Amino acid sequence: MADAIEVEHLTKVYVKKRSLSQIIRRPFGASERVTALAGIDLQVREGEIFGLLGPNGAGKTTLLKILTGLVVPTQGGARVAGHDVLHAGVAARGSIGFVTSEERSFYWRLSGRENLHFFGRLSNVPGRRLRQRCQELMDQVEVSAFADRPFMDYSSGMKQRLAVARALLHDPRVLVMDEPTRSLDPSAARHLRTLVRDVLNRRQGKTVLLATHNLDEAESLCNRIAIMSRARVRRLGTVAEIRALESPKERYRVEVAPAFTPHGQAYRVLETVPGPGGAALTLEFDRGGEGLTRFLSDALGASCRIIACERLQLPLQEVFDRAVAMEDEPARPGSLR
Amino acid sequence: MNRLLSKLWAFFYRDFLDEVSYRTSFLLQFFGSFLFVTTWFFIARWVAKSFDAPPDLPGVTYFAFVLVGFAFYQYLQATLTSFSAKIRREQLTGTLEAMLVTPTRASLVILGSTVWDFLMTTFRVAVILGSGTLLAWGFGERVGMRASGIPAFLLLLVLTVTAFSGVGILSAAFTIWLKRGDPVNYLITAASAALGGVFFRVEVMPVWLQRVSNLLPITHALRGIRRALLAGAGIGEVARDLAALALFAAILVPGGLIAFALALRRARVEGSLVQY
């Protein structure tokens, strides 16, 4: 399947302006350089929800700003729906809808409908279609009942939903969302996530690039994620692939009754917790190996009943922390893409 | 073309809705202009006896002289303040980023934001000229506008707005670059008010200052417009001012656009386009 977003060797170095005191102390001193992106390579496939994770200052916002034409890269390039963001910026922006978490990005004294009409014209929606398109989108994001109320009267959830509607005005193939649920209560955040996954992605086939700090959100929504830290992509792939990379062994918790002492070669018992009439065992074995099958076979062979069997996953937070703590080496190439 | 007009209309309508939502402020700006005209009407009556009409404006009163000068000085103020003020306001309100990520060119986003200001300035100029004429008529005096000068006036107006826009775009470039402290705005505003012949004849200044004032587009704009409106001058009679304004426009508009493109490019490299 074609890539909706292609990022190749993307580098961005900001040159910090020198303060007056620095200029006075060292008139000919060099300006400080800050590398926001260091040779990023990334492909977002058509129709997927791709999560961009990373701590503050990792380079996520710079990447989004380059894709939306607000920042020029120092080296490398990026394409959105086949359009070079640097040399065909207008066409690239015509294929992308940007949802910011910034509530102030609307005209507060204008109504939601008036705001959408204004941004619709800037997004090249034909005049004769504009009214209908705005109504469709307001219905879709469920703000129609407040369409003619001033934007300043909207709740945070409604403001964010209107931001989604605005990004969809020109029916872009790609939706870029920068922490869309940051200021929302849990219910409004869930509502927005459902809209993104069920309506925009699954029903309308939009590709979504989602920058978020919310790991649960990334896990529940995204087909693949990239974990960024200190200007580089540290991990890239599905959540399961990244977990596997961080933790080559699989762990299971199995409750058996009565208790028994296994001694298989294909698995290792990390912990045994005795319980009423049985025991809960924590097992570890090679990912993709026969460890679980062998254990269950051993247990059944010893006339034990299997009361419960639960997979213990490495929490995404731990995966994230490990990726963020990685030393400066490129993301492991190929295998996870 | 339709798309361009549609976008310009969108900017105009957005600003109209925003402006009329502050009803008192909207009305007070016209009242302020009327008060200014009234103040100058009485100052003009006071100094009337010591005012010598310029040779090219025979019989023109000081009030008529100031009224036209003040009215068209509005255009310069509008161009100098509206480009930079609009950018700054959009940066502060966070709407600049939202506009710049749409498939509309950044230059159109910024230039389009001034459509309302230009049209409102035209309306304000009409209010100033109209209220001044009515006020003079109420006191048994006349401003003495001549219909025969209208073709020359319209041509002068187009070139004046074009030349002033060049200065405004240059000012906008500095706003994008420096964020605050745009030197073009400070210099041109102060120099134009002091030396451009808004409130007094340029000829009363020393010769070297007159030479400096000739480097300002407003000097030529006001001289030509006064001659057209108050003395009924034809296009041939204001040809020198038309030529000077055309030259200013030919230099300032491309110069402003180049500076603006460079400032945008620099801001995108620095990542400071939406910073303030």
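Every value quoted in this text rests on a predicted model; they were computed, and no experiment measured them.

Asker: Describe the overall build of chain A, listing the residues and the values that go with them.
Answerer: Helix and strand counts for chain A stand at eleven helices and 14 strands. Its C-alpha atoms put chain A at 75 × 60 × 40 Å along the principal axes. The buried share of chain A, taken over its 337 residues, is 40%. The long-range fraction of contacts in chain A, counting pairs at least 24 apart against all pairs at least 6 apart in sequence, stands at 72%.

Asker: Which residues make up the nonpolar core, and what are the values?
Answerer: The biggest cluster of nonpolar side chains holds 160 residues, and the ones touching the most others in it are Leu67, Val176 and Leu210 of chain A together with Leu67 and Leu156 of chain B. Ranked by residue count, the leading element in this core is helix 3 (residues 62-93) of chain B, at 17 residues. Apart from the residues lying within four places of it in its own chain, the contact partners of Leu210 of chain A are Ile49, Phe50, Gly51, Leu52, Met177, Leu221 and Cys222 of chain A. With ten residues, the next largest nonpolar core counts Tyr267, Ala279, Phe285 and Phe295 of chain A among its residues.

Asker: Lay out the packing of helix 7 (residues 150-178) of chain B against helix 8 (residues 183-195) of chain B with the relevant residues and their values.
Answerer: All names here are of chain B. Relative to each other, helix 7 and helix 8 sit at 145°, their axes nearing to 8 Å. Side by side, helix 7 and helix 8 meet where Val167, Leu170, Ser171 and Phe174 of the first sit next to Pro183, Val184, Asn185 and Ile188 of the second. Its residues assigned to classes, the contact of helix 7 with helix 8 comprises six nonpolar, two polar and no charged.

Asker: Run through unusual backbone geometry, naming residues and quoting values.
Answerer: Residues and elements named next belong to chain A. The peptide bond linking Ala257 to Pro258 adopts the cis configuration, its omega dihedral lying at -10°. Relative to the helices and strands, Pro258 resides in the loop between strand 11 (249-257) and strand 12 (268-275). The backbone phi angle of Asp171 is positive, close to 50°, even though this residue is not glycine. Phi is positive for Ala231, which is not a glycine, with a value near 75°. The residue Ala231 is located in the loop between strand 9 (224-229) and strand 10 (232-237) in this model.

Asker: Describe the sheet that holds strand 14 (residues 305-312) of chain A, naming the residues involved and giving the relevant values.
Answerer: All names here are of chain A. Strand order in the open sheet formed by four strands is 12-13-11-14, and the pairing between neighbours is antiparallel. Every interior strand has two partners, whereas the edge strands, strand 12 and strand 14, have only one. Averaged over all pairs of adjacent strands, the angle between their axes in this sheet comes to 20°, without regard to strand direction. One ladder, built from eight bridges, connects strand 11 with strand 13 (residues 278-286); its direction is antiparallel. Following the sheet pairing, Glu250 is matched in strand 13 by Phe285. Strands strand 11, strand 13 and strand 14 of the sheet are contacted by helix 10 (residues 291-301), whose axis makes an angle of about 150° with strand 13.

Asker: Could you give an account of the pairing of strand 4 (residues 75-80) of chain A, with specific residues and numbers?
Answerer: All names here are of chain A. Sheet topology places strand 1 (residues 3-15) next to strand 4; five bridges connect them, and they run antiparallel. Residue Thr11 lies in a different strand from strand 4, and its bridge partner there is Gln75. Between the end of strand 4 and the start of strand 5 (residues 83-84), which pair antiparallel, lie two residues, with Ala81 showing a positive phi angle near 50°.

Conventions used here
- Residues numbered from 1 in each chain as written.
- Chains lettered and ligands numbered in written order.
- Predicted model: local features only at pLDDT ≥ 70, side-chain atom pairs only at ≥ 80, totals over all residues.
- Helix = DSSP H or I, 4+ residues; strand = E, 2+ residues; numbered from the N terminus.
- Buried ≥ 20, exposed ≤ 12 C-beta atoms within 10 Å, placed from the backbone.
- Contact = placed C-beta atoms within 7 Å.
- Core = buried A, V, L, I, M, F, W, Y, C linked by C-beta atoms within 7 Å.
- Axes fitted to C-alpha atoms, helices over the stretch in contact; angles between N-to-C directions.
- Nonpolar A, V, L, I, M, F, W, Y, C, P; charged D, E, K, R; others polar.
- Pairing = 2+ DSSP bridges.

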